[in-house]
Amino acid sequence: MTQVVVAGAGTIGGLFAAHLARVVDVGVLTRRVDHARTLSERGLRVSGRGDFTSRVTASTDPGELGDPDLVIVASKGGDLEALATRLEGRFPNATVMTVLNGLGAEEVVAAHGDWPILSAVTFMSGTRHDDAHVEYVLDTATWIGPFRGTTGADASAAAELIRLSGLEAEAFADLLPAQWSKLIFNATVNAVAALTGLPHDRRFAEGMLGDLVRALVDEGKAVAAAVGVDLREDPWEMNVHATQRGHAHYPSMLEDVVAHRPTEIELITGSLVRAADRAGVAVPLHTALYALVKAKEASYS
Amino acid sequence: MKVCIVGCGAVGSLFAANLAQLDDVEVWAFDTSQPHVDAINAHGLRLSGAGDVVGNVRATTDASALPACDFGIVATKAMHTRSAIAATAHAFKEGSVATVQNGLGNEEALAEYVGNVIRGTTFPAGRIVEPGHVQWDVKGDTTLGPFEPRPATAADIERLADACTRGGMPTKAVADARGPQWRKVIFNASTNPIGALTGLTHGRVVERPDLRTLVTGLVDEGKAVAAAQGIVLDADPEELIDHAAKPEVAYDHKASMLQDVEARRSTEVDYLNGGIVRFGREHGVPTPLNQAIWALVKGVEDSWTI
């Protein structure tokens, strides 16, 4: 692979773009013209676990971003439909890899073109300081698997490229076990953080709040079992492990409600609740949190 | 007779100022706010809104200044019950003490300090406008009955109810006051924290179908815990929830718990959802939704101390 386009230049997209630009040509598709101009002029700086600035080609027009082999879609859930629409008819030689929270991003993209599609989830995290600067905080891996018209070998090739760029990545023949582990983890931790205002810290693993987190995880595990997914990691253990890192992590859904922005509740908890409905599994606690977070969004207006 | 209001906030002031209209009742008030106490002693305790009265009330922040009283009416926030009655119990050695507070567990706390306890539930509401002056927002009924483990006598309960009614606070003495108490607790526990967690007014909570379903889930758990104790609710809390959502009633009302959260004050969630969970455990009734809501609101309170 020689050319990659990153569509969606938030924290995760920025981390991919800046790292990959060290090993291949990288184009960045942005939503705002001034963002593209800033990136093209100043490059994209990484701090934290890295300290470098990469040159990227940025534009709001996919036609100016060449003929990539790989397109990484890394938007927020709420922006995905609009972004996928802008990709329609573009990048005929590319494989598209979605890296979003929740479930269903692959289907959204697939409805807008016949590219081969890879499915991915990422556990890396960072902080976006400005349009041209992201801080690389957690160097946890991105997991990649085949989705439509792709094979385990395609997933391995993408993972290899990402590792070469300095990020962690791993390929799987079937991503669902990993994707569902993360779905249950996010549906639980992000919604609880958004409703309480608490960063994800040790309080999520002890006392009354720990009991609630465990009960939410158990509901999620029952849904996974009903749909026949054998989880790769126990989301409760992921929770405990993450809260033992020693620093408080602010889940993006908490940052969204603090800033009165739309959250990813539909793609995350909404996906889980809908899957539970289809499977005939009762998830009263996730259903409650789903309603509460949507109502909190409604309270902004 | 002498009556002492313990905790002379909005609700306490409604009782104090109205009872003070009666020639045969001497009203005292114990409160921790010096400006409020000073204003009451200087100008009387004034109510405006649903009723306009000024009551001659003797107020103090010093519990040792209280005389022996025939009745106490405790109207603090539920988390202050224990400290308030510990300070004032000496005034009620021969008397009976009623709670008109929100939540579950207040009677139990009072019974640790005084012998004759009255279980009470009150629906009138107001808010303090300035020291010595309370806006009376909503009129409503009060029910008094015995706290079964350490009850006041039926005659005393009747006497206090009669005084309240004559003073302008319609009050019924009943043999079992748990029905109205649980109806109000279930109402508060099923709606207040939803407002507090989402930021929505009562009416906006009720008009969202998914939230209304959650409210009903919470109500149903509360009803099951009440039923397991043999408590017969005096009316369905659902009716009160829908009634309050009407534009002319309380559509735009921010639940007190939402006001507490916005002001970063401790809430009464331990005595509402926490109370339902506790009684549920004692009677083998699962209450997962109340437990979840309790944990979330405690998490909110916890987030202020990072």
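Just above sits the structure.
Visitor: How should the state of the cysteines be read in this particular structure?
Guide: Residues and elements named next belong to chain B. For the structure shown, the criterion picks out zero disulfides over all chains. The thiol of Cys-8 is unpaired, and the distance to the nearest cysteine sulfur, on Cys-4, comes to 9.0 Å. Take Cys-8: its relative accessible area is 1%, and that puts it in the buried class.

Visitor: Can you help me understand helix H11 (residues 273-282) of chain B in this one?
Guide: Since the α-helix advances by 3.6 residues per turn, residues separated by three or four positions end up pointing in the same direction. Residue and element names in this part refer to chain B. Across the 10 residues of H11, seven count as buried, placing the element largely inside the fold. Within H11, burial applies to Asn-273, Gly-274, Gly-275, Ile-276, Val-277, Phe-279 and Gly-280. As for H11, its buried residues are in contact with helix H4 (106-111), helix H6 (178-198), helix H8 (209-228) and helix H12 (288-303). At the exit of H11 stands Gly-284, carrying a positive phi of roughly 70 degrees.

Visitor: I tried to follow the pattern of salt bridges on my own but got confused; where do I start?
Guide: For the coordinates displayed, the defined rule picks out 34 salt bridges over all chains. Note that A:Asp256 is salt-bridged to A:Arg261, the shortest N-O span being 2.9 Å.

Visitor: Honestly, the packing of aromatic side chains in this entry has me stumped. Any pointers?
Guide: Here a ring pair, both rings aromatic, is described through the centre-centre distance and the interplanar angle of the planes. Residue and element names in this part refer to chain A. Within this structure, the stated rule accounts for three aromatic pairs over all chains. On the numbers, 5.5 Å between centres and 70 degrees between planes, the contact of Trp-143 with Phe-172 is edge-to-face. Of this pair, Trp-143 sits in strand E11 (residues 142-148) while Phe-172 sits in the loop between strand E12 (169-171) and helix H6 (176-196); the two residues are 29 residues apart in sequence, bridging distant segments of the chain. Linked through ring pairs, Phe-123, Trp-143 and Phe-172 together constitute an aromatic cluster. In this structure, Arg-232 packs its charged tip against the face of Trp-143, placed 5.0 Å from the ring centre.

Visitor: How should the sheet that holds strand E5 (residues 57-59) of chain A be read in this particular structure?
Guide: Paired through backbone hydrogen bonds, the strands of a sheet run either parallel or antiparallel to each other. All names here are of chain A. Strands sit in the order E5-E2-E1-E6-E7-E8-E11-E12 across an open sheet of eight strands; the sheet is mixed. Looking at strand neighbours, the two that pair on one side only are E5 and E12, the edges of this open sheet. Direction aside, the axes of adjacent strands within the sheet are offset by 25 degrees on average. Bridge count between strand E8 (residues 117-122) and E11: six bridges; the pairing is antiparallel. By the bridge assignment for E11, Ala-120 is matched with Ile-144. Across the sheet, helix H1 (residues 11-20) is in contact with strand E1 (3-7), strand E2 (25-29), strand E6 (70-73), strand E7 (95-99), E8 and E11; its angle to E1 comes to roughly 165 degrees.

Visitor: Looking at this model, I keep getting lost on the environment of B:Lys246. Mind explaining?
Guide: With respect to the helices and strands, B:Lys246 occurs in the loop between helix H9 (237-244) and helix H10 (256-262). When the C-alpha atoms of B:Lys246 and B:His202 are compared, they prove to be 9.4 Å apart, with 44 residues separating the residues in sequence.

Visitor: In this structure, what is going on with unusual backbone geometry? I would like to understand it.
Guide: Excluding glycine, a negative phi dihedral is what most residues carry, and trans is how most peptide bonds are arranged. Residues and elements named next belong to chain A. Despite not being glycine, Phe-91 shows a phi value in the positive range, around 50 degrees. Assignment of secondary structure puts Phe-91 in the loop between helix H3 (80-87) and E7. Using a relative accessible area of 5% as the deciding quantity, one classes Phe-91 as buried. Positive phi, close to 55 degrees, is recorded for His-260, a residue that is not glycine.

Visitor: Please clarify how the nonpolar core should be interpreted in this entry.
Guide: It is characteristic of soluble globular proteins that their nonpolar side chains tend to be buried jointly. Membership of the largest hydrophobic core comes to 92 residues, with the highest contact counts inside it found for A:Trp180, A:Leu212, A:Leu292, B:Trp182, B:Ile194 and B:Leu211. If you tally residues by element for this core, the top one is H6(A), at 12 residues. Two domains each donate at least three residues to this core, and these are domain 1 (3-171) and domain 2 (176-298) of chain A. A:Val24, A:Val46, A:Ala155 and A:Leu161 belong to the second largest nonpolar core, which has 38 residues in total.

Visitor: Please clarify how H12(B) should be interpreted in this entry.
Guide: All names here are of chain B. For H12, spanning 16 residues, the distance from its first C-alpha to its last is 22 Å, which sits close to the expected 22 Å at 1.5 Å a residue. Among the 16 residues in H12, 12 count as buried, and that is most of the element. Regarding H12, the residues found buried are Leu-289, Asn-290, Ala-292, Ile-293, Trp-294, Ala-295, Leu-296, Val-297, Gly-299, Val-300, Glu-301 and Ser-303.

Visitor: Would you take a moment to explain the sheet that holds strand E2 (residues 26-30) of chain B for this structure?
Guide: Residues and elements named next belong to chain B. Pairing in this open sheet of eight strands is mixed, and the strands run E5-E2-E1-E6-E7-E8-E11-E12 from one edge to the other. Strands with a single pairing partner mark the edges of an open sheet, and in this sheet they are strand E5 (58-60) and strand E12 (171-173). For this sheet, the mean angle separating the axes of adjacent strands, direction not counted, is 20 degrees. Relative to strand E6 (residues 71-74), strand E1 (residues 2-6) is paired through four bridges, and the arrangement is parallel. Along E6, the bridge assignment pairs Val-6 with Val-74.

Scoring rules and cut-offs
- Residues numbered from 1 in each chain as written.
- Chains lettered and ligands numbered in written order.
- Predicted model: local features only at pLDDT ≥ 70, side-chain atom pairs only at ≥ 80, totals over all residues.
- Heavy atoms only, no water.
- Disulfide = S-S within 2.5 Å.
- Buried < 20%, exposed > 50% of the residue type's maximum accessible area, 1.4 Å probe, protein only.
- Helix = DSSP H or I, 4+ residues; strand = E, 2+ residues; numbered from the N terminus.
- Contact = heavy atoms within 4.5 Å.
- Salt bridge = Lys/Arg side-chain N within 4 Å of Asp/Glu carboxyl O.
- Phe/Tyr/Trp six-rings, centres within 6.5 Å; stacked < 30°, edge-to-face > 60°.
- Lys NZ or Arg CZ within 6 Å of the ring centre and 35° of its normal.
- Pairing = 2+ DSSP bridges.
- Axes fitted to C-alpha atoms, helices over the stretch in contact; angles between N-to-C directions.
- Core = buried A, V, L, I, M, F, W, Y, C linked by side-chain atoms within 4.5 Å.
- Domains from an automatic or database assignment.
- Expected span 1.5 Å × (residues − 1).

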